[in-house]
Amino acid sequence: EVTDPAWVRVTVDGQNRLEGILEPGAVRNWTGERAVQLRIGNAGGVMVSLNGENLGKLGEQREVVDFTWRLQDGRVITTTPTPTPLPRQLPSARG
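Residues numbered from 1 in each chain as written. Predicted model: local features only at pLDDT ≥ 70, side-chain atom pairs only at ≥ 80, totals over all residues. Heavy atoms only, no water.

### A look at the pattern of salt bridges
Where charged atoms of side chains with opposite charge meet at close range, the side chains can pair. Tallying each qualifying case throughout the model produces two salt bridges. A salt bridge links Arg-9 to Glu-19; the shortest N-O distance between them is 3.9 Å. Of the two residues, Arg-9 sits in strand β1 (residues 6-12) while Glu-19 sits in strand β2 (residues 15-22), which places them 10 residues apart along the sequence. For Arg-9, a relative accessible area of 29% corresponds to the partly exposed category. In this structure Glu-19 comes out as partly exposed when scored by relative accessible area, which is 46%. (Salt bridge = Lys/Arg side-chain N within 4 Å of Asp/Glu carboxyl O. Helix = DSSP H or I, 4+ residues; strand = E, 2+ residues; numbered from the N terminus. Buried < 20%, exposed > 50% of the residue type's maximum accessible area, 1.4 Å probe, protein only.)

Structure below.
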């Protein structure tokens with residue numbers, strides 16, 4: 001359930017199912033055979049449930065989070081991608 005406006009992208013079994021802003025009160029459900037990927041642009045504004053289990057909020061207000069749930073050997077495995085470090089800025093040449 002959405003408690004605060006949040007940008008959300010949902011990919012189910014490799015197919016984009018939603019990409020946009022959800023408003024407070026919105027409730028959405030997705031079912032996958034292999035994997036469900038979720039990116040939330042305001043993690044503190046979205047309550048998540050998985051197979052009836054309330055996972056709560058997956059992050060803080062205005063925090064961007066990525067989660068993937070995969071079915072492996074009959075069990076649901078949760079993964080989060082490793083953040084990509086920002087490139088270091090090279091000092092500018094001054095002349």
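The rest of the description comes next.
### Some words on the nonpolar core
Among soluble globular proteins, nonpolar side chains are generally buried collectively. Judged by nonpolar contacts, the single largest core of 18 residues is most densely connected at Val-8, Val-10, Leu-38, Ile-40, Val-48 and Leu-58. Elements that contribute at least two residues to this core include exactly β1, β2, β3 (35-40) and β6 (65-72). Among the elements that line this core, the one with the most residues is β1, at four residues. Beyond its immediate stretch of four places on either side in the chain, Leu-58 contacts Leu-38, Ile-40, Ala-43, Val-46, Val-48, Val-65, Phe-67 and Trp-69. (Core = buried A, V, L, I, M, F, W, Y, C linked by side-chain atoms within 4.5 Å. Contact = heavy atoms within 4.5 Å.)

### Describing the layout of surface pockets
Its volume calculated, the largest pocket comes out at about 680 Å³. What lines the largest pocket is a set of 29 residues, and nearest its centre among them are Trp-30, Val-36, Val-48, Ser-49 and Leu-50. Classifying every residue of the lining of the largest pocket by side-chain character gives 18 nonpolar, six polar and five charged. (1 Å grid on protein atoms, 1.4 Å probe; cavity = no way out; pocket = protein on both sides within 12 Å on 5 of 7 lines; lining within 4 Å. Points joined across faces, edges and corners; volume = space filled by probe spheres on them. Nonpolar A, V, L, I, M, F, W, Y, C, P; charged D, E, K, R; others polar.)

### Overview of the environment of Val-46
Within the element layout of this structure, Val-46 appears in the loop between β3 and β4 (47-50). Owing to a relative accessible area of 9%, Val-46 belongs among the buried residues under this scheme. It is 8.7 Å that separates the C-alpha atoms of Val-46 and Gly-59, two residues lying 13 residues apart in sequence. Once you skip the residues sitting within four places of it in the chain, Val-46 turns out to touch Glu-1, Val-2, Thr-3, Ala-6, Ile-40, Gly-56, Lys-57 and Leu-58.

### Focus: the environment of Trp-7
Looking at where Trp-7 falls in the secondary structure, it is placed in strand β1. Judged by relative accessible area, which is 29%, Trp-7 ranks as partly exposed. Along the chain, Trp-7 and Val-46 lie 39 residues apart, while their C-alpha atoms are 9.7 Å from each other. Among residues more than four places away in sequence, those in contact with Trp-7 are Glu-19, Gly-20, Ile-21, Arg-39, Ile-40, Gly-41 and Asn-42.

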